[in-house]
Every structure is written in structure tokens, then in C-alpha cells.
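# Structure assessment
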Amino acid sequence: MVTNKPPITLSSLDVDRIEALLAAIPASALPGKAELQAELDRADIVAPEEMPPNVVTMNSIVQFAIVETGKEFVLSLVYPRDMDGSADKISIFAPVGSALLGLSIGDELAWPGPGGKPMTVRVKQIVYQPESAGELHR
């Protein structure tokens, strides 16, 4: 089943950093590598200072739901190096993390979840976004 993907907006800084990370990882080490690269390729890329405040960027704190389970989460979207085992962070390389990047409040995106089972992520609120807080180089 193909669903229409919502448009996504990414910061040029985030894209540069994520592409550098992807280039260093073999596809076998990251199951969703091709999907994440495809998201980067289709994104509308803007300078960090032009990022709309309703878009999920790296280091944003996002309230979101998994539609299939109805569970809600509030997590910070981080680079793998910032994963410290705390329960309030999700890596950009986790399936949900890849799905969240670039979505706007109210958007839904179906994404292959753990084990390949599709899940739908819905962005409910952005609690904190570095760009709108003036932190353009986090």
C-alpha cells in the first residue's frame, strides 16, 4: 500500500551532518539507510535560520504518536553519538527517528518499523526546536 508522503523540510546543516554519517555506515549496519537517504533526497532544504518553527529538526523535542498503537511519546531527536541510554532520546537512525525528521505538526508518515512491520508516526507538537530558539549550529 502506497500512501502519499507529506512534504518534508530539512535544515542544510542537518542534511550535511546526516549524509556524512550515512556515508560512513555500510547499508548492512543500518537497515533503514536507503529509506533515510530517499527522505533526504526528496526534502525541501533550507538554511537553519529559515526553518519554520513547526518542523521537526535534529535535536528537536517532539510529541508524537504511533497511530497503530495509540501510544504517545515525547522524545528528543538526536544523532547516534548523543544517545546516552536515557529514555527521552531517539536516534535519527532508529526507524521512528528517521520517520520524524522534517515532518510538520499534524503530519503523518507510514514507515517500516522494527521487523519491517509498517507503523504510522503522527507529529502532535514540537516542544522545543533549536532553530526557533536561535540555536542554529547545535
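About the criteria used
- Residues numbered from 1 in each chain as written.
- Predicted model: local features only at pLDDT ≥ 70, side-chain atom pairs only at ≥ 80, totals over all residues.
- Heavy atoms only, no water.
- Helix = DSSP H or I, 4+ residues; strand = E, 2+ residues; numbered from the N terminus.
- Rg over C-alpha atoms; globule rule 2.2 N^0.38 Å.
- Buried < 20%, exposed > 50% of the residue type's maximum accessible area, 1.4 Å probe, protein only.
- Contact = heavy atoms within 4.5 Å.
- Lys, Arg positive; Asp, Glu negative; His and termini not counted.
- Charge placed at Lys NZ, Arg CZ, Asp CG, Glu CD.
- Axes fitted to C-alpha atoms, helices over the stretch in contact; angles between N-to-C directions.
- Parallel < 35°, antiparallel > 145°, perpendicular 65-115°, else oblique.
- Left-handed = near helix turned anticlockwise from the far one by under 90°.
- Nonpolar A, V, L, I, M, F, W, Y, C, P; charged D, E, K, R; others polar.

What follows concerns the overall build of the protein chain. Of regular secondary structure, the protein chain possesses three helices and seven strands. The order of helices and strands in the protein chain, counted from the N terminus, is β-α-α-β-β-β-β-α-β-β. Here the C-alpha atoms of the protein chain give a radius of gyration of 14 Å, agreeing with the 14 Å that 2.2 N^0.38 yields for 138 residues. Within the protein chain, the proportion of its 138 residues that are buried is 43%. When contacts within the protein chain are restricted to residue pairs at least 6 apart in sequence, long-range pairs at least 24 apart make up 57% of them. One way to put it: in the protein chain the 11 positive side-chain charges average out to a point 7 Å from where the 18 negative ones average out.

A negative phi angle is the norm for most residues apart from glycine, just as the trans form is the norm for most peptide bonds. Of note in the backbone geometry, Asn59 takes a positive phi value of approximately 70° without being a glycine. Tracing the sequence through the fold places Asn59 in the loop between strand S2 (44–46) and strand S3 (61–66).

Once that is clear, we can look at the packing of helix H1 (residues 12–23) against helix H2 (residues 33–42). Packing of H1 against H2 leaves a shortest axis separation of 11 Å and a crossing angle of 150°. Classified by the interaxial angle, the pair formed by H1 and H2 is roughly antiparallel. Considering the relative orientation of H1 and H2, their crossing is left-handed. Contacts from Val15, Ile18, Glu19 and Leu22 in H1 reach Lys33, Leu36, Gln37, Leu40 and Asp41 in H2. When grouped by side-chain class, the residues that make up the contact of H1 with H2 number five nonpolar, one polar and three charged.

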